[in-house]
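Structural characterization, general
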Amino acid sequence: MNKYLFPIYAILIGVVIAFITKKQKSVHTKLLLSFSGAFLLALTLFDLLPEVYHHLEAKQTGLFIMCGILLQIILEFFSKGAEHGHVHMHKSNTIFPWLLFLSLCLHSFLEGFPIHQHNDMVYGVLIHKIPIAVLITAFLLQSSYSKLQIVSFLIIFALMTPLGTYISNNLDIASAYINIINAVVIGIFLHISTTILFESSEGHKFNLTKLIVICLGVVIAYFI
Ligand SMILES: [Zn+2]
Ligand SMILES: [Zn+2]
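To keep things clear, this report deals only with the structure shown in the data block. (Residues numbered from 1 in each chain as written. Chains lettered and ligands numbered in written order. Predicted model: local features only at pLDDT ≥ 70, side-chain atom pairs only at ≥ 80, totals over all residues. Heavy atoms only, no water.)

**Digging into the overall build of the protein**
For the protein, the count of helices and strands is eight helices and zero strands. Starting at the N terminus and walking to the C terminus, you meet the elements of the protein as α-α-α-α-α-α-α-α. Over its C-alpha trace the protein gives a radius of gyration of 17 Å, about what one expects of a compact globule, namely 17 Å for 224 residues. Across its three principal directions, the C-alpha atoms of the protein cover 50 × 40 × 30 Å. Classification of the 224 residues of the protein by burial places 52% in the buried group. Taking all contacts inside the protein whose residues are at least 6 apart in sequence as the whole, residues at least 24 apart take part in 84%. Split by element, the accessible area of the protein, about 11400 Å² in all, is 71% carbon and sulfur. Each charge class in the protein was averaged separately, 12 positive and 10 negative side chains, and the resulting centres sit 17 Å apart. (Helix = DSSP H or I, 4+ residues; strand = E, 2+ residues; numbered from the N terminus. Rg over C-alpha atoms; globule rule 2.2 N^0.38 Å. Buried < 20%, exposed > 50% of the residue type's maximum accessible area, 1.4 Å probe, protein only. Contact = heavy atoms within 4.5 Å. Areas by Shrake-Rupley, 256 points an atom, 1.4 Å probe, with all protein chains shown as cover. Lys, Arg positive; Asp, Glu negative; His and termini not counted. Charge placed at Lys NZ, Arg CZ, Asp CG, Glu CD.)

Here it is, written out as structure tokens:
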């Protein structure tokens, strides 16, 4: 059951944090983002990558991972990087941000696929989603969208990952393509997690706290 509920908890936790921290962008959110990037990257390398290489032919796996990286690059033209931690939109805009919404939903839907009983990807997705939910909620609260629009945005966004997990775990059609989709998701994860780690080092200045947090993410993912 946790494989369905954890991604939803992540959004709930994110919304609560966004309400508590209000408008200030806290150092803690940035550290959490760095941790989530390292943790997701490590879990992908330790858990998901060997699993997919085991089921698919090596070169084919590489090809689909590459497709995932390209897909995420394309999605970010529309989301402006919301999947890896920053939302830039004109705050006065009252038109519902359809492109941001749809690209985030597709991203979340796909990242539900590799979650199943036999791996720990659900923890990676849980940790990855919390800072993203914080940033998106903060953005929505500052925007001039109606309450109904904000609530629907968050609810649908929260349900996309469990929907992906449900389809990958229960539908027969999905089981034939599951390894291909998982390879694409590896590409997505590789792209977002490395981007988080890259963007989190401002001007490549040495930051001990950040480095410790990143190492912690890798170590926890290793021993989980
Ligand atoms: Zn970015
Ligand atoms: Zn994601």
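**Thoughts on the environment of L32**
Of note, L32 is situated in helix α2 (residues 27-55). Using a relative accessible area of 26% as the deciding quantity, one classes L32 as partly exposed. When the C-alpha positions of L32 and K210 are compared, they lie 9.4 Å apart, and in sequence the two are 178 residues distant. Here L32 is in contact with I130 and P131, once residues within four sequence places are set aside.

**Remarks on a nonpolar patch on the surface**
Residues M66, L70, I73, I74, F77, F78 and L99 make up a contiguous nonpolar surface patch of roughly 660 Å² in combined accessible area. The biggest single contributor to the nonpolar patch is helix α3 (residues 58-79), with six residues. Secondary-structure assignment places F77 in helix α3. (Patch = residues over 30% accessible without salt bridge, like charges linked within 9 Å, V, L, I, M, F, W, Y side chains within 5 Å. Salt bridge = Lys/Arg side-chain N within 4 Å of Asp/Glu carboxyl O.)

**Some words on helix α4 (residues 98-111)**
Counted at 1.5 Å a residue, the expected span for α4 with its 14 residues is 20 Å, and the 20 Å between its end C-alpha atoms agrees. Taken across its 14 residues, α4 has ten buried, putting it largely inside the fold. Listing the buried residues of α4 in full gives L100, F101, S103, L104, C105, H107, S108, F109, L110 and E111. (Expected span 1.5 Å × (residues − 1).)

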